[in-house]
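# Inside the fold
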Amino acid sequence: MKIHKKILNKNVLAFTIAVSLLSSCGDKKEDVNKDELVETVDTVKTSVLNVGGELFSVPSPIQTALLIQKSGISYDKSTLHASNKVNTFTTDFSKSLNLGIYGADLGYVSLYNQTQDALGYLASVKQLADKLGISAAFDASTMERIKNNVTNKDSMMVLVGIAYRGSDAYLKNNQRTGISSLILTGGWIESMHFSVTAYKTKPSEGVRFRIAEQKQALGSLIKILSVSTEAEVTALTAQLTELSKIYDGIQFKYNFVEPVTDTTKKLTYINSTTEVIVSDEQIALITDKIKEIRNKIINASQS
Amino acid sequence: MKKFIIALSFVSIASVFNKANAQCDTIANICAKHIISTFISDGQQYRALLLNSEETAEFQTTFFGETTYRIAACSGTSDGNLIFNIYDQDRHLLFTNRDKKNAPYWDFKVKSTLETIIEAQLDANRNPGSGCAVMLIGFKQK
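Residues numbered from 1 in each chain as written. Chains lettered and ligands numbered in written order. Predicted model: local features only at pLDDT ≥ 70, side-chain atom pairs only at ≥ 80, totals over all residues.

### So, the overall build of chain A
A count of helical and extended segments in chain A gives 13 helices and 5 strands. When contacts within chain A are restricted to residue pairs at least 6 apart in sequence, long-range pairs at least 24 apart make up 71% of them. (Helix = DSSP H or I, 4+ residues; strand = E, 2+ residues; numbered from the N terminus. Contact = placed C-beta atoms within 7 Å.)

This is the structure in structure tokens:
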């Protein structure tokens, strides 16, 4: 999320102290008027925001898994990352990326109602979160609900989404955006792996276009990761940048159509269309690059 | 004295920061109620602290075709404090809740994939000061 400022703060220090004192004095007032909004200052705002004052959106891996299932692709466990490799990841970098991958796999197996496998991936997610020292990021009651609803596909989808949203918020609140970014990246890589594998197994226009339509998400991930100066992250960013060069060749022809809103239903129909022009060669190059990046992540312990 | 002021400012900043985070968490929890269980969360929470109603928070996201999205937008502990606008890549306005009484959530049936820009700002008529803006996205297959 980018902030456009029209007013700049002056004398931030004095204002910070004043606001802090006022806010600590105002606790009782807050109880009286719960609608009152928090008073804050510029220094706070930049630290709450994600990366360099901007937030980025990355599509949910579950959304890709849903499309793959809809395309008639059967469950294939061999597509997934082995859930018993948790102990092979030794750095925060590899743990975070693999936590994202396991989260995507958890969504995938849940979608296909694979109860036993879902329990395995749930355990992997919990173990990796513990090893990263972020077990608090995965709210205990939500994790318990996931465990209790493991046979209910629809509930699982919703609960996994809630669990990852909670962890995203927790990590941002605790200035661990580096981990948050790597979890998002891992989840995205795995969802791309689902797509390219599904397309190879059973080519369909829907999956083909979904692979191509990840251009903006990839751009967001590169921006998020570019903030870090750590060697491993820089190397990963370089790989993703190479991938983005393949995406640069994909063409999108957008045609605006006036949306239609049904106020009673609180619903707007967005009728614009986008034509995607992506070649077989581009899909093949993306497939190879995703395979290369993912293999490096899931085999991190052997490198 | 200088050291004392620096130390005090760090303590003050940390205090305000924690308080702001707590407020944002409260708002996010309230906002999450709008993403009802027929929608799956995209796994992220978009939040920004806005100093005044002239500031705009913005992020880009892809709306995939054949999908229904729900966007929830909240600030404060009651509905209707946040205005949000959705534009396409060419800055055509696709939706604003401004003329929908600042509705705290809205659904979007998306025909074909498109890149969007989502903007949020505090409503000057309801927010005299600053506030935490929280936006959440949920989705379901058509």
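### Details of the nonpolar core
If you look at the biggest cluster of nonpolar residues, it comprises 117 residues, and the most contacted ones within it are Ala133(B), Val134(B) and Met135(B). The dominant element in this core, judged by the number of residues it contributes, is helix H9 (residues 177-201) of chain A, at 11 residues. Leaving out residues up to four positions away in the same chain, Val134(B) has contacts with Cys24(B), Ile27(B), Ala28(B), Cys31(B), Gln45(B), Arg47(B), Cys74(B) and Ser75(B). (Core = buried A, V, L, I, M, F, W, Y, C linked by C-beta atoms within 7 Å. Buried ≥ 20, exposed ≤ 12 C-beta atoms within 10 Å, placed from the backbone.)

### Observations regarding the confidence of the model for chain B
On average, residues of chain B carry a pLDDT of 89, and 86% of them reach 70 or more. Reported confidence for the predicted complex is 0.90 by ipTM and 0.84 by pTM. (pLDDT = per-residue confidence, 0-100.)

### Points about the environment of Leu50(B)
Residues and elements named next belong to chain B. By the element assignment, leucine 50 lies in strand E2 (residues 46-50). Taking the number of C-beta atoms within 10 Å as the measure of exposure, leucine 50 has 25 and is therefore buried. Leucine 50 sits 80 residues away from serine 130 along the chain, and the two C-alpha atoms are 5.5 Å apart. Not counting residues up to four positions away in its chain, the partners in contact with leucine 50 are Glu55, Ala57, Gln121, Leu122, Ser130, Gly131 and Ala133.

### Some words on helix H10 (residues 205-212) of chain A
Residues of H10(A) that are buried include every one of Val207(A), Arg210(A), Ile211(A) and Ala212(A), and no others. In this structure, the buried residues of H10(A) make contact with helix H4 (61-70), H9, strand E5 (273-277) and helix H13 (280-298) of chain A.

### Thoughts on the confidence of the model for chain A
Predicted confidence across chain A gives a mean pLDDT of 84, with 82% of residues reaching 70 or more. Counted against residues more than four places away or in other chains, residues 6-51 of chain A, with its pLDDT under 50, gives 86 contacts.

### Some thoughts on helix H6 (residues 115-132) of chain A
All names here are of chain A. Here H6 contains 18 residues, and its C-alpha end-to-end distance of 26 Å stays within 8% of the 26 Å for a straight helix at 1.5 Å per residue. Every buried residue of H6 is accounted for by Asp117, Ala118, Tyr121, Leu122, Ser124, Val125, Leu128 and Ala129. End-on view of H6: buried residues confined to an arc of 160°, all on one side of the axis. Buried positions along H6 lie against helix H5 (92-111), helix H7 (140-148) and helix H8 (153-173). Positive phi appears at glycine 133, one or two residues downstream of H6, with a value of about 75°. (Expected span 1.5 Å × (residues − 1). Arc of directions from axis to C-beta.)

### Thoughts on the packing of H9(A) against H13(A)
All names here are of chain A. Between H9 and H13, the least distance of the axes is 9 Å, while the angle of their chain directions is 135°. As far as their axial angle goes, H13 and H9 are oblique. Relative to H13, the crossing made by H9 is left-handed. Mapping the contact onto sequence places Gly186, Ile189, Met192, His193, Val196, Tyr199 and Lys200 in H9 and Ile283, Ile286, Thr287, Ile290, Ile293, Arg294 and Ile297 in H13. For the contact of H9 with H13, a count of residues per class yields 9 nonpolar, 3 polar and 2 charged. (Axes fitted to C-alpha atoms, helices over the stretch in contact; angles between N-to-C directions. Parallel < 35°, antiparallel > 145°, perpendicular 65-115°, else oblique. Left-handed = near helix turned anticlockwise from the far one by under 90°. Nonpolar A, V, L, I, M, F, W, Y, C, P; charged D, E, K, R; others polar.)

### Let's talk about unusual backbone geometry
The phi dihedral of Arg91(B) falls on the positive side, at around 70°, and the residue is not glycine. Assessed through the 7 C-beta atoms surrounding it within 10 Å, Arg91(B) is described here as exposed.

### Observations regarding the pairing of strand E8 (residues 114-122) of chain B
Residues and elements named next belong to chain B. Two strands pair when backbone bridges link them, and strand E3 (residues 56-63) and E8 are joined in this way by 7 bridges, in the antiparallel orientation. Its bridge partner lying in E8, glutamate 58 is registered against glutamate 119. As defined by bridge partners, strand E5 (residues 82-88) adjoins E8 across 7 bridges and the pair is classed as antiparallel. Residue phenylalanine 84 lies in a different strand from E8, and its bridge partner there is alanine 120. (Pairing = 2+ DSSP bridges.)

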